[in-house]
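# Results of the structural survey
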Amino acid sequence: MTEKQLPLARPNITQVEIDAVVAVLESSDLSLGPKLPAFEEAFADQCRRKHAVACSSGTCALHLLIRAMGIRDGDEVITTPFSFIASANCALIEGAKPVFVDIDPHTWNIDPARIEAAVTPKTKAILPVDVFGQMVDMDAILDIAHRHDLRMIEDSCEALGSTYKGKPAGSFGDAGVFGFYPNKQITTGEGGMIVTDDAALARLSRSLRNQGRDGNGGWLAHPRLGFNYRISDINCALGIAQLHRLTEIASERTRVYELYQTRLGPEKRLTLQGLRPGVTPNWFVFVVRLANRYNLADRDRILVSLREKGIGCSNYFAPIHLQPFYVEEFGYRRGDFPVCEALADRTVALPFHHELSSEDVDRVCGELRNQL
Ligand SMILES: *Cc1c(COP(=O)(O)O)cnc(C)c1O
């Protein structure tokens, strides 16, 4: 008997989303139509921000912000090595240097106590990441940013719907960034968003997104060098429908998180991500950290065995500083960020989406225990 496949992630799409997409297809406004500002306005509201700028991916949103903030060759951006590659690449792609700061072993986020030692006269911004939906220590990081006159970019791509002291992810820094790939809390297929209260930053990001055009100059007037990072109205309609369902989607994810938590929380051979006081998370993935006596080879063997049983799983994340082109450009090696590496060697992300029943979670936890 072949057992049911349990994918790692799965988009939460209902008939409402399908109807919304079809309605755009039946109109003639497939791009730069009414769904773009409607999605942006609804998203700005969600993040309690004055402006939102939608674009074609979370990576594009990060890149637009780095460019719009004038961060370039010779500048430095402080960020975490325990993240998805885009949060460091956005600086590198503009010729700036991502300066890594090791993480806190409990929260898995950038360790605010280590940030100040990394500030130099070249530092222009701090770019913390809300890892897996856990929000960073906003008070501490904003305090450092203010004291050193640095920009703060929140990479909240994994934290839509999370709050810190009652305020939503994306509402803290000079700007926040979100991504809508199908494994995220809400999806637009592909898509991203910048949120900010800074009108000039929003205006410049909008222009850079659209080939350097300005509001009223016309289609062939390009006052500055820009990109095509637009998002279609088809994607925006999907995003609006998903955003309307955010509370429902979050509660379905919380249900599954709690199923895992009750089963794996007491397990001595692994630990769960510690929750920072004040954070109410909308989790992006469910990741366990194996105990120190397991090594990278043990972890990889566990991933292979779980996959053989039809259980989707992954190593979230691989340290950014050990990716070959970072090693080549900056000479990083193992041991440079030991807290990040010790965690990254031992993570197992388990299936996490709304369709998992308590029997499915029992099966995943049982198979995981069999491998320990
Ligand atoms: C998903 C994600 C992004 C953006 O990804 P895209 O696939 O480009 O939308 C950026 N940073 C982090 C931490 C992410 O998880």
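Residues numbered from 1 in each chain as written. Predicted model: local features only at pLDDT ≥ 70, side-chain atom pairs only at ≥ 80, totals over all residues. Heavy atoms only, no water.

It is worth spelling out the sheet that holds strand E3 (residues 97–100) at this point. Spatially, seven strands are ordered E1-E9-E8-E5-E4-E2-E3 in an open sheet, and the strand pairing comes out mixed. Both outer strands of the open sheet, strand E1 (51–55) and E3, are each paired with one neighbouring strand and no more. Averaged over all neighbouring strand pairs, the angle between strand axes comes to 25 degrees, with direction disregarded. Bridge count for strand E5 (residues 151–155) against strand E8 (residues 175–179) is three bridges, and the pairing is parallel. Across the sheet, Ile-153 pairs through a bridge with Ala-175, a residue of E8. In the packing of helix H6 (residues 199–209) onto the sheet, contacts are made with E1, E5, E8 and strand E9 (192–196), and the angle to E1 comes to roughly 15 degrees. (Pairing = 2+ DSSP bridges. Helix = DSSP H or I, 4+ residues; strand = E, 2+ residues; numbered from the N terminus. Axes fitted to C-alpha atoms, helices over the stretch in contact; angles between N-to-C directions. Contact = heavy atoms within 4.5 Å.)

Turning to the site of the ligand, a few remarks are in order. Within the structure, the ligand sits among Ser-57, Gly-58, Thr-59, Ser-83, Phe-84, Val-129, Asp-155, Cys-157, Glu-158, Lys-184 and Gly-191. A distance of 2.5 Å separates an oxygen atom of the ligand from a polar atom in the side chain of Thr-59. Between Lys-184 and the ligand, the recorded distance is 3.3 Å, taken from a side-chain N or O atom to an oxygen atom. Compared with its free state, where it exposes 380 Å², the ligand has 92% of that area covered by protein. Across the shell around the ligand, the residue classes tally to three nonpolar, five polar and three charged. (Near = heavy atom within 4 Å. Polar contact = N/O pair within 3.5 Å; in protein donor to acceptor, adjacent residues only side chain to side chain. Areas by Shrake-Rupley, 256 points an atom, 1.4 Å probe, with all protein chains shown as cover. Nonpolar A, V, L, I, M, F, W, Y, C, P; charged D, E, K, R; others polar.)

Here we come to the pairing of E3. Strand direction decides the pairing type here: strand E2 (residues 76–79) and E3, joined by four bridges, are parallel. Bridged to Thr-79 within E3 is Phe-100. Taken together, E2, helix H4 (residues 86–92) and E3 form a β-α-β motif whose crossover is right-handed. (Right-handed = clockwise from strand over helix to strand, strands pointing away.)

Ranked by internal contacts, the top residues of the largest apolar core, which has 51 residues, are Leu-65, Phe-82, Leu-127, Phe-132, Ile-153 and Tyr-316. When residues of this core are traced back to their parent elements, those giving at least two are E1, helix H3 (58–68), H4, strand E4 (123–127), E8, H6 and helix H11 (338–344). In contact with Phe-82, not counting residues within four places along its chain, are Ile-103, Trp-108, Val-131, Phe-132, Tyr-316, Phe-317, Cys-340, Leu-343, Ala-344 and Thr-347. (Core = buried A, V, L, I, M, F, W, Y, C linked by side-chain atoms within 4.5 Å. Buried < 20%, exposed > 50% of the residue type's maximum accessible area, 1.4 Å probe, protein only.)

In this section: helix H1 (residues 15–26). Between its first and last C-alpha atoms H1 spans 16 Å; for 12 residues at 1.5 Å apiece the expected length is 16 Å, and the two agree. The complete set of buried residues in H1 reads Glu-17, Ala-20, Val-21 and Val-24. End-on, the buried residues of H1 take up no more than an arc of 95 degrees, which puts them together on one face. The inward-facing, buried residues of H1 abut helix H2 (35–46) and helix H7 (233–244). (Expected span 1.5 Å × (residues − 1). Arc of directions from axis to C-beta.)

Let us now look at the pattern of salt bridges. One pass over the full model with this rule turns up 23 salt bridges. For Asp-197, the salt bridge identified is with Arg-49, shortest N-O distance 3.2 Å. Of the two residues, Asp-197 sits in the loop between E9 and H6 while Arg-49 sits in the loop between H2 and E1, which places them 148 residues apart along the sequence. Under the relative-accessibility criterion, Arg-49 is labelled buried at 9%. Ionic pairing is found between Glu-248 and Arg-245, a salt bridge with its closest N-O pair at 3.0 Å. Several salt bridges converge on common partners, so that one network encompasses Glu-17, Arg-245 and Glu-248. (Salt bridge = Lys/Arg side-chain N within 4 Å of Asp/Glu carboxyl O.)

On to helix H9 (residues 296–308). For H9, with 13 residues, the first-to-last C-alpha span of 19 Å sits near the 18 Å given by 1.5 Å per residue. Buried residues of H9: Arg-299, Ile-302, Leu-303, Ser-305 and Leu-306, and no others. The inward-facing, buried residues of H9 contact strand E12 (286–290), H11, strand E13 (347–350) and helix H12 (358–371). Where H9 begins, the capping side chain belongs to Asn-295, and its oxygen is found 3.0 Å from the backbone nitrogen of Ala-297. Gly-310 sits one or two positions beyond H9 and adopts a positive phi of about 85 degrees.

This part covers the packing of H1 against H7. When two helices pack together, you describe them by how their axes are tilted relative to each other and by the distance separating the axes. Remark: H1 packs on H7, axes separated minimally by 8 Å, with the N-to-C direction vectors making an angle of 150 degrees. In terms of orientation, H1 lies roughly antiparallel with respect to H7. Here H1 runs over H7; the crossing is right-handed. Residue-level inspection shows Val-16, Glu-17, Ala-20, Val-21, Val-24 and Leu-25 of H1 in contact with H7, the latter providing Asp-233, Ile-234, Ala-237, Leu-238, Ala-241 and Gln-242. A breakdown of the residues in the contact of H1 with H7 according to their chemical character gives nine nonpolar, one polar and two charged. (Parallel < 35°, antiparallel > 145°, perpendicular 65-115°, else oblique. Left-handed = near helix turned anticlockwise from the far one by under 90°.)

Attention shifts here to the pairing of E9. Along a regular strand, successive side chains alternate from one face of the sheet to the other. Burial analysis of E9 places five of its five residues in the buried class, the great majority of the element. Taking every second residue as pointing to the same face, both faces of E9 are buried, with Gly-192, Ile-194 and Thr-196 on one and Met-193 and Val-195 on the other. Summarising the sheet, E1 and E9 pair through five bridges and their orientation is antiparallel. Within the sheet, the bridge partner assigned to Ala-52 lies in E9 and is Val-195. The pairing of E8 with E9 spans five bridges and is classified as antiparallel. The partner of Ala-175 across the bridge, within E9, is Thr-196.

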